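The residues making up each chain are set out below.
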Amino acid sequence: MNISGKTKIAGIFGHPVEHSLSPAMHNAAFAHLNLDYCYVPFSVAPHLLKQAVESIRALDLAGVNVTVPHKENVLPFLDNVSEDASFIGAVNTIKNINGNLTGYNTDGQGFMQALAEQGIEVKGKRVLMVGAGGAARAVGHCLCKEASSLYLHNRGIERGGALKQHLNSISGNVLSVDDSAIMSRDFLSGMDIIVNATSLGLKSDDPLPLNASLLGDKHVVCDLIYKKTPLLLEASKAGCRTMDGLGMLLWQGVLAFGIWTGVTPPVEVMREALGRGHK
Ligand code: NAP
């Protein structure tokens, strides 16, 4: 890497960021295209977020990704927020044009691109999504526009109900389901696609987010977590088609790369870099 006075700097603001796979993915893409950019992880403590965003202007960074725990809190510090990110209430990508900062959210589109490249159709399908956090909001925003119905379940009933109401303002096909539904054969057998958008599965001793013994080969089961979670392992055993969160991570990055550079991203180079970092 040849850093000079002309090198444009991109990066990621998170806390923690030590384990982020994004630097490897973006730096591989910049190197492959001979673009004079460099991507740096920045560990930003929550109380310093405002100053960190101001530094994008002060240091003339090209743009940054934003990850946990800043995706929602960053909105007030930006000059513009895209319509999607504003609806979702979270930003994962910031672009800087001469000190004017615009926030975008590429997580939901990233998930849809990951499904599409696997040939998984959402149009007309009945979809169950478990979770109502930031990732669920981004993914739900895209799913509800395509699915025939989107069923939402969340541990916290209020947060789940609020997301249902919010999504229904665009699509009108979102329903809340309770604990008994995700444990019931009748309900689960009526679903086509099941998405775990909770953090259950990050730890090996986490409980499953639903009754996986009721899954069968008609189900497509997706997890937003990057690894083969216990849910995905059980679903594979039951004959389901499965998809982990690595594809979403790739495609949200591909979309962010396009926003910053205006150049067609080298998707396969980025995929390989992610795969190497993930091992
Ligand atoms: P978040 O905002 O903290 O939301 C967490 C969600 O998990 C909430 O719905 C929460 O329910 C639920 N949850 C947490 N612990 C639970 C438990 N013990 N039992 C039942 N539900 C529980 O997090 P997030 O940003 O949405 O991220 C969620 C997951 O998506 C993370 O694992 C993250 O790794 C993954 N993710 C992946 C990508 C990607 O590119 N692949 C991008 C973003 C996120 P309550 O509302 O009841 O607390």
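So, here is what we can say about the structure in this document.

Conventions and cut-offs
Residues numbered from 1 in each chain as written. Predicted model: local features only at pLDDT ≥ 70, side-chain atom pairs only at ≥ 80, totals over all residues. Heavy atoms only, no water. Axes fitted to C-alpha atoms, helices over the stretch in contact; angles between N-to-C directions. Helix = DSSP H or I, 4+ residues; strand = E, 2+ residues; numbered from the N terminus. Parallel < 35°, antiparallel > 145°, perpendicular 65-115°, else oblique. Left-handed = near helix turned anticlockwise from the far one by under 90°. Contact = heavy atoms within 4.5 Å. Buried < 20%, exposed > 50% of the residue type's maximum accessible area, 1.4 Å probe, protein only. Pairing = 2+ DSSP bridges. Salt bridge = Lys/Arg side-chain N within 4 Å of Asp/Glu carboxyl O. Near = heavy atom within 4 Å. Polar contact = N/O pair within 3.5 Å; in protein donor to acceptor, adjacent residues only side chain to side chain. Areas by Shrake-Rupley, 256 points an atom, 1.4 Å probe, with all protein chains shown as cover.

Below, the discussion takes up the packing of helix α4 (residues 107-117) against helix α5 (residues 134-146). Remark: α4 packs on α5, axes separated minimally by 7 Å, with the N-to-C direction vectors making an angle of 55°. Judged on the interaxial angle alone, α5 and α4 are oblique. The handedness of the crossing between α4 and α5 is right-handed. Every residue of α5 that contacts α4 at D107, G108, Q109, F111 and M112 is listed here: A138, V139, C142, L143 and E146.

For the rest of this paragraph, the subject is the environment of R276. By secondary structure assignment, the location of R276 is in helix α11 (residues 267-278). Residue class for R276 comes out exposed when judged on its relative accessible area of 54%. Residues R276 and A24 lie 252 residues apart in sequence; the distance between their C-alpha atoms is 8.8 Å.

Once that is clear, we can look at the pairing of strand β5 (residues 93-97). For β5, the buried fraction is high: four of the five residues fall into the buried class. By the bridge criterion, three bridges tie strand β3 (residues 63-66) to β5 in an arrangement that is antiparallel. The partner of N65 across the bridge, within β5, is T93. Note that β5 and strand β6 (residues 100-104) share five bridges and pair antiparallel.

One pass over the full model with this rule turns up twelve salt bridges. As a salt-bridge pair, K218 and D192 come within 3.8 Å of each other at their nearest N and O atoms. With K218 in the loop between β10 (193-196) and β11 (220-223) and D192 in the loop between α8 (185-189) and β10, this pair connects stretches of sequence that are 26 residues apart. By relative accessible area, which is 40% here, K218 ends up partly exposed.

Before going further, it helps to spend a moment on the site of the ligand. The ligand sits among 21 residues. The nearest are A135, N154, G156, R159 and L224. Here an oxygen atom of the ligand and a backbone polar atom of G133 are 3.5 Å apart. In the model, a nitrogen atom of the ligand is placed 2.9 Å from a nitrogen or oxygen of the G245 main chain. Against a free-state accessible area of 930 Å², the protein chains account for coverage of 76% of the ligand. Put simply, the parts of the chain that give the shell around the ligand at least two residues each are α5 and α10 (246-261).

Attention now moves to the side chain of N96. By the secondary structure assignment, N96 is in strand β5. There is a polar contact of 2.8 Å between the side chain of N96 and the backbone oxygen of L61. The contacts of N96, once residues within four sequence positions are left out, are I56, R57, D60, L61, A62, G63 and L101.

Overall, mixed pairing links the six strands, which are arranged β2-β1-β3-β5-β6-β4 in an open sheet. At either end of the open sheet lies a strand with only one pairing partner, and these are β2 (37-43) and β4 (80-81). Taken together, the four bridges between strand β1 (residues 8-14) and β3 define a ladder with parallel strand orientation. Across the sheet, residue G11 finds its bridge partner in β3, namely V64. Here α10 sits on the sheet in contact with β1, β2, β3, β5 and β6, set at roughly 5° to β5.

This part takes up the sheet that holds strand β7 (residues 126-130). Spatially, β9-β8-β7-β10-β11-β12 is the arrangement adopted by the six strands of the open sheet, whose pairing is parallel. This sheet does not close on itself; its edge strands, each paired only once, are β9 (174-176) and β12 (241-243). Each adjacent strand pair in this sheet contributes to an overall mean axis angle of 20°, direction not counted. By the bridge criterion, four bridges tie β10 to β11 in an arrangement that is parallel. Each residue of the ladder has a partner; that of I194, found in β11, is V221. Those strands touched by α4 are β10, β11 and β12, and its axis lies near 145° from that of β12. Across the sheet, helix α6 (residues 157-168) is in contact with β7, β8 (149-153) and β9; its angle to β9 comes to roughly 165°.

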